[in-house]
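# Structure at a glance
These are the residues of each chain, in order.
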Amino acid sequence: DTEVTQTPKHLVMGMTNKKSLKCEQHMGHRAMYWYKQKAKKPPELMFVYSYEKLSINESVPSRFSPECPNSSLLNLHLHALQPEDSALYLCASSQGEGFNEQFFGPGTRLTVL
Amino acid sequence: GIQVEQSPPDLILQEGANSTLRCNFSDSVNNLQWFHQNPWGQLINLFYIPSGTKQNGRLSATTVATERYSLLYISSSQTTDSGVYFCAAEGGYGGATNKLIFGTGTLLAVQP
């Protein structure tokens, strides 16, 4: 099973709201990732968790707060977002330990009003 | 960090035609992947190919790591092949980084 699931599929939020995106994988992967993709652009890496520890933060604003409660789950907490944060947010996972083929979830399409 | 370039940026084909998409990268790679992004945004894994040649049905890919390029071949194209094709690479100096860098993509439209 090479499936990564993400919820919700769509999210509309105001600039004062707090919301969370969720990602789950059951492939036993030990690395998980958040990417952001604007329209007509490639995905851009935001965060990497390796063995449940944050290993890479690509200078993402603090209004995005990642969390990895366990090896299967990855959350992205959103607070005080701006309209320019509207994008497709993609989660991915990989086995880790040098086996780095990444598998992506279907994404959450976020609109900030 | 590693840089990834794709060509062509856009491609229009008639159904049944063949095509070749190219990906150039600036450094040695630990990971090179080809993806197809469907209209709903899902990134579908096509190939994990840091070196060598692989085939899967009508698709095949070749990576020549020493010359820093990869090619994706689509044969007998179908309308369902339409979408954006991304090449993504991880590598550069220092070995594995877990940082997958995407090219700007090739937008493919297959017309019936």
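As shown above, the structure is provided for reference.
Report on the accompanying structure. Quantities reported herein were computed from a predicted structural model and do not represent experimental measurements.

Moving on, we come to the overall build of chain B. A tally of regular secondary structure across chain B gives 0 helices and 11 strands. Seen in sequence order, chain B has helices and strands lined up from the N terminus as β-β-β-β-β-β-β-β-β-β-β. Computed over its C-alpha atoms, the radius of gyration of chain B comes to 14 Å, within 12% of the 13 Å expected for a compact globule of 112 residues. Along the first, second and third principal axes, the C-alpha atoms of chain B reach 45 × 25 × 20 Å. Going through the 112 residues of chain B one by one, you find that 47% of them count as buried. Of the contacts made within chain B by residues no fewer than 6 positions apart, 56% connect residues no fewer than 24 positions apart. Within the structure as shown, chain B displays about 5300 Å² of accessible surface, and the carbon and sulfur contribution to it stands at 51%. Of note, chain B has its 5 positive side-chain charges centred 6 Å away from the centre of its 7 negative side-chain charges.

Residues and elements named next belong to chain B. In space, the 5 strands of this open sheet follow the order 1-3-8-7-6, with antiparallel pairing throughout. Among the strands making up the open sheet, the edge pair consists of strand 1 (4-7) and strand 6 (52-56). The average undirected angle you get between the axes of adjacent strands in this sheet is 15°. In this sheet, strand 8 (residues 69-74) lies alongside strand 7 (residues 59-64) in antiparallel orientation, the contact comprising 6 bridges.

As a further point, take unusual backbone geometry. Residue A:Pro8 is reached from A:Thr7 by a cis peptide bond, and omega for that bond is -10°. Relative to the assigned elements, A:Pro8 resides in the loop between strand 1 (4-7) and strand 2 (10-13). In this structure, B:Pro8 follows B:Ser7 across a cis peptide bond, with omega equal to -10°. With respect to the helices, strands and loops of the structure, B:Pro8 is situated in the loop between strand 1 and strand 2 (10-14). Even without being glycine, A:Ser59 reaches a positive phi, approximately 55°.

Tallying the contact residues gives 20 residues for chain B and 21 residues for chain A. For the pair chain B and chain A, the summed buried area comes to about 1600 Å², and 51% of that belongs to carbon and sulfur atoms. Our count for the chain B to chain A interface comes out at 1 salt bridge. For the salt bridge of A:Glu58 with B:Lys99, the shortest nitrogen-to-oxygen distance reads 3.2 Å. Counting every contact that joins chain B to chain A gives 9 residue pairs in polar contact (both at pLDDT 80 or more). Every element with two or more residues in the side of chain B that touches chain A is listed here: strand 4 (29-37), strand 5 (43-48) and strand 9 (83-91) of chain B. In terms of residue count, strand 4 of chain B provides more of the side of chain B that touches chain A than any other element does, 4 residues in total.

In this section: the pairing of strand 2 of chain A. Residue and element names in this part refer to chain A. Only one face of strand 2 is buried, namely the one carrying Leu11 and Met13, since none of His10 and Val12 on the opposite face is buried. Here strand 2 pairs with strand 11 (residues 108-112) via 4 bridges, running parallel. In the sheet register, His10 faces strand 11, and the bridge partner there is Arg109.

As paired elements, strand 4 of chain B and strand 5 of chain B share 5 bridges and run antiparallel to each other. By the bridge assignment, B:Gln37 is partnered in strand 5 of chain B with B:Leu43.

Moving on, we come to the state of the cysteines. The final tally for this structure, using the stated rule, is 2 disulfides over all chains. B:Cys23 shares a disulfide with B:Cys87; S-S distance 2.0 Å. Sign of the S-S torsion, about -55° for the bond between B:Cys23 and B:Cys87, identifies this disulfide as left-handed. Linking B:Cys23 in strand 3 (residues 19-25) with B:Cys87 in strand 9, this pair joins segments that are 64 residues apart in sequence. Relative accessible area serves as the criterion here: at 0%, B:Cys87 is assigned to the buried category. Between A:Cys68, a free cysteine, and A:Cys23, which holds the nearest cysteine sulfur, the sulfur-to-sulfur gap is 9.3 Å.

The rules we used
- Residues numbered from 1 in each chain as written.
- Chains lettered and ligands numbered in written order.
- Predicted model: local features only at pLDDT ≥ 70, side-chain atom pairs only at ≥ 80, totals over all residues.
- Heavy atoms only, no water.
- Helix = DSSP H or I, 4+ residues; strand = E, 2+ residues; numbered from the N terminus.
- Rg over C-alpha atoms; globule rule 2.2 N^0.38 Å.
- Buried < 20%, exposed > 50% of the residue type's maximum accessible area, 1.4 Å probe, protein only.
- Contact = heavy atoms within 4.5 Å.
- Areas by Shrake-Rupley, 256 points an atom, 1.4 Å probe, with all protein chains shown as cover.
- Lys, Arg positive; Asp, Glu negative; His and termini not counted.
- Charge placed at Lys NZ, Arg CZ, Asp CG, Glu CD.
- Pairing = 2+ DSSP bridges.
- Axes fitted to C-alpha atoms, helices over the stretch in contact; angles between N-to-C directions.
- Buried area = accessible area lost by both parts, 1.4 Å probe.
- Salt bridge = Lys/Arg side-chain N within 4 Å of Asp/Glu carboxyl O.
- Polar contact = N/O pair within 3.5 Å; in protein donor to acceptor, adjacent residues only side chain to side chain.
- Disulfide = S-S within 2.5 Å.

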